[in-house]
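# Structural overview
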Amino acid sequence: MTCTDFLARMTDYFDNEVDAKLLEEIRAHLAECDHCEILVNTTRQTIQIYRDHQVYEFSTEMREHTISSIMHRCGLRH
């Protein structure tokens, strides 16, 4: 399994909609691929935060920096 294969099946993986053979392939890939493992862990944390309705307040400075960075990377100006 490649990272691209995993990404194409990631939603099914989180929804527990993969058969046993595919689950085995995914687990083997995650055991070998640090990038996808980090993606899975980060996604799990994000899902948990959303489910818990946790709200994180950002300072005005942090919010402006984040928006500016996103706009810059998208080739837009803020």
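Up top you'll find the structure we're talking about.
Residues numbered from 1 in each chain as written. Predicted model: local features only at pLDDT ≥ 70, side-chain atom pairs only at ≥ 80, totals over all residues. Heavy atoms only, no water.

## Brief notes about the overall build of the chain
Helices and strands together make up the secondary structure of the chain, namely four helices and zero strands. Scanning the chain from its N terminus toward the C terminus, one meets helices and strands in the order α-α-α-α. For a compact globule of 78 residues, the expected C-alpha radius of gyration is about 12 Å, and the chain comes in at 17 Å, more than 25% above that figure. Considered along the principal axes of its C-alpha atoms, the chain spans approximately 50 × 30 × 20 Å. The proportion of buried residues among the 78 residues of the chain is 15%. For the chain, contacts bridging at least 24 residues in sequence account for 51% of all contacts bridging at least 6. (Helix = DSSP H or I, 4+ residues; strand = E, 2+ residues; numbered from the N terminus. Rg over C-alpha atoms; globule rule 2.2 N^0.38 Å. Buried < 20%, exposed > 50% of the residue type's maximum accessible area, 1.4 Å probe, protein only. Contact = heavy atoms within 4.5 Å.)

## A short note on the packing of helix 1 (residues 3-14) against helix 2 (residues 20-32)
Here helix 1 crosses helix 2 at 120°, and the two axes come no closer than 11 Å. Here helix 2 runs oblique to helix 1, going by the angle between their axes. For helix 1 against helix 2, the interelement crossing comes out left-handed. Counting all contacts with helix 1, which are made through Cys3, Phe6, Arg9 and Tyr13, the residues of helix 2 involved are Leu22, Leu23, Ile26, His29 and Leu30. Here the residues of the contact of helix 1 with helix 2 are counted per class, giving seven nonpolar, one polar and one charged. (Axes fitted to C-alpha atoms, helices over the stretch in contact; angles between N-to-C directions. Parallel < 35°, antiparallel > 145°, perpendicular 65-115°, else oblique. Left-handed = near helix turned anticlockwise from the far one by under 90°. Nonpolar A, V, L, I, M, F, W, Y, C, P; charged D, E, K, R; others polar.)

## Regarding the pattern of salt bridges
With the rule as written, the count across this model stands at one salt bridge. With a closest N to O distance of 2.9 Å, Glu25 and Lys21 form a salt bridge. Remark: Lys21 and Glu25 occur in helix 2; sequence separation between them is four residues, near one turn of the helix. Classification of Glu25 by relative accessible area gives partly exposed; the value is 31%. (Salt bridge = Lys/Arg side-chain N within 4 Å of Asp/Glu carboxyl O.)

## Description of the packing of helix 2 against helix 3 (residues 34-52)
Where helix 2 meets helix 3, the closest approach of the two axes is 6 Å, and the angle between their N-to-C directions is 110°. Put simply, helix 2 runs roughly perpendicular to helix 3. Packed against helix 2, whose contacting residues are His29, Leu30 and Glu32, the element helix 3 presents Asp34, Cys36, Glu37 and Val40 at the interface. Classifying every residue of the contact of helix 2 with helix 3 by side-chain character gives three nonpolar, one polar and three charged.

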